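Understanding the architecture of this molecule
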Amino acid sequence: MGKVFFARQNTYDQPEIDSAVKRVFDRFGGISHFVKAGERVLLKVNLVSGHDVTRRVTTDPSIVRAVARMVLDAGGVPFIADSPGIDSFQRAAEKAGFVQVAQELGIECRELTDPVELPHDDKAQFHRISVSKYVLEADKVISLAKLKTHGQMYLTMGVKNLFGCVPGRLKAGWHYNVGLNRERFAGLLLDIYAGVKPCFTLLDGVIGMHGDGPTSGDPYDYGIIAGTQDALTMDFWLCKMLGGRLEDYPLYLAAKKRGYSQCELDPSDVEGDISADWSYSGVRIPKTRSMRLVPIPFVERLMTSRPVHIPERCIGCGRCAAVCAAGALRHENKRLYFDYGKCIRCYCCHEMCPVKAIEFKEGLLVRLANFFTR
Ligand code: SF4
Ligand code: SF4
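Here the structure is a predicted model, which means the values were calculated and not measured.

What to know about the packing of helix 7 (residues 182–196) against helix 9 (residues 250–257)
- Between helix 7 and helix 9, whose axes approach to 8 Å, the crossing angle comes to 70°. One way to sum up the angle between helix 7 and helix 9 is to call them roughly perpendicular. Two secondary-structure elements touch here, helix 7 through Arg 182, Glu 183, Ala 186, Gly 187, Leu 189 and Leu 190 and helix 9 through Pro 250, Leu 251, Leu 253, Ala 254, Ala 255 and Lys 257.

Structure (structure tokens):
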């Protein structure tokens, strides 16, 4: 199991971010421990579909700037990269402030395109995963993740950030392929994480998100930057600190099924400005429940929240229907028609909506389970 170092950091003031990020890397031997002169280093940001920085959906540009400068100082060749679900990469990356960082430092900011097959180990659940060739061609990958809650996967942090290595609409295809089962989807995330092998994960938790994440929640001042060579350990500890239940966290359940040692949490792995018993109050985590015992589609639908339309907020852009790989959503004149029998509860429609016009409505069994375990 790897160590996780937490630095307290409450603002995005650049000099403060620079010193906090350096402190985190220094705990692990400094940036030169990870990056050698001449190496191409992919900085995998969290772009989603590109949102204004103040929405706290994307990795803050100050964090990206700090890490890119450190890689340059170590003689490396950093480039900023991700792949949005359906949007123009350029537009999304401009909105998130990544293009500006790249221009300022004279580095590349590019879309992750050109799928190639990802190598897999013998624990892999899926053997034909395609990621961008730019991921495999990079000498090193540093994951710059964002701390957010997530309607489908409970939380999105280090491991989930790498799903963006799957180019464009292939992501929606995976949602459709995996269907309703969140543990299966978490297994896919574990396979991607194991194949991409980021040398380091740095988490932007200065201001993250809670509630209807990953794009429609509210900002939450977590006040931390975390760093680790073992994103699984970091994600599990943060789940606990945020007040989540590991037994409801699909990533934890999938890792446990594979016998990953990170599932045995060791408090001595938590280092830095906060300790293992640190906890946040009032973090709103989507109320999902494990579906391990009821893998029947009808019951699974009752165990999950369904997407619902808020027509008065809708601007009629049609992005929600365009991203739905299950063909469960039709958009006509600012009205949405859901086919809940086909809906796989991937919440891509929610994620792509720019104006929070799709919310979640808890399934009947989730409401009952939450009522009896309050
Ligand atoms: S309607 Fe939304 S949640 Fe349901 S399958 Fe389509 S994109 Fe996913
Ligand atoms: S619900 Fe959102 S994504 Fe869908 S058409 Fe309306 S504004 Fe666009």
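Re the site of ligand 2
- In the vicinity of ligand 2, 14 residues are found, and the nearest of them are Cys 314, Cys 317, Gly 318, Cys 320 and Cys 353.
- Taken together, the residues of the shell around ligand 2 sort by class into 10 nonpolar, 4 polar and no charged.

As for the nonpolar core
- Residues Phe 6, Leu 188, Phe 236, Leu 238, Leu 242, Tyr 249 and Leu 251 are the most contacted members of the largest nonpolar core, which totals 64 residues.
- Every residue in contact with Leu 242, bar those within four places of it in the chain, is listed here: Leu 147, Leu 155, Tyr 222, Tyr 280, Val 283 and Ile 285.
- Grouped together as the second largest cluster of nonpolar side chains are 43 residues, Phe 5, Val 71, Ile 107 and Leu 202 included.

Describing the site of ligand 1
- Near ligand 1, the surroundings consist of Pro 307, Cys 324, Ala 326, Leu 329, Phe 338, Cys 343, Ile 344, Arg 345, Cys 346, Tyr 347 and Cys 349.
- Among the detected pockets, ligand 1 sits in the second largest cavity.
- By residue class, the composition of the shell around ligand 1 is 10 nonpolar, no polar and 1 charged.

Comments concerning the layout of surface pockets
- The calculated volume of the second largest pocket comes to roughly 220 Å³.
- Around the second largest pocket, the lining comprises 12 residues; the ones closest to its centre are Asp 212, Pro 286, Lys 287, Phe 360 and Glu 362.
- Tallied by class, the residues present in the lining of the second largest pocket amount to 3 nonpolar, 4 polar and 5 charged.
- No fewer than three residues from each of domain 1 (4–272) and domain 2 (297–372) sit in the lining of the second largest pocket.

Points about the environment of Val 77
- Following the sequence through the fold, Val 77 ends up in strand 3 (residues 77–82).
- The class for Val 77 is partly exposed, based on a relative accessible area of 37%.
- Along the primary structure Val 77 and Lys 342 are separated by 265 residues, whereas in three dimensions their C-alpha atoms are 45 Å apart.
- Once residues within four sequence positions are removed from consideration, Val 77 is found in contact with Gly 38, Glu 39, Arg 40, Val 41 and Val 71.

Rules and cut-offs
Residues numbered from 1 in each chain as written. Chains lettered and ligands numbered in written order. Predicted model: local features only at pLDDT ≥ 70, side-chain atom pairs only at ≥ 80, totals over all residues. Heavy atoms only, no water. Axes fitted to C-alpha atoms, helices over the stretch in contact; angles between N-to-C directions. Helix = DSSP H or I, 4+ residues; strand = E, 2+ residues; numbered from the N terminus. Parallel < 35°, antiparallel > 145°, perpendicular 65-115°, else oblique. Contact = heavy atoms within 4.5 Å. Near = heavy atom within 4 Å. Nonpolar A, V, L, I, M, F, W, Y, C, P; charged D, E, K, R; others polar. Core = buried A, V, L, I, M, F, W, Y, C linked by side-chain atoms within 4.5 Å. Buried < 20%, exposed > 50% of the residue type's maximum accessible area, 1.4 Å probe, protein only. 1 Å grid on protein atoms, 1.4 Å probe; cavity = no way out; pocket = protein on both sides within 12 Å on 5 of 7 lines; lining within 4 Å. Sits in = over half its atoms within 2 Å of the grid points. Points joined across faces, edges and corners; volume = space filled by probe spheres on them. Domains from an automatic or database assignment.

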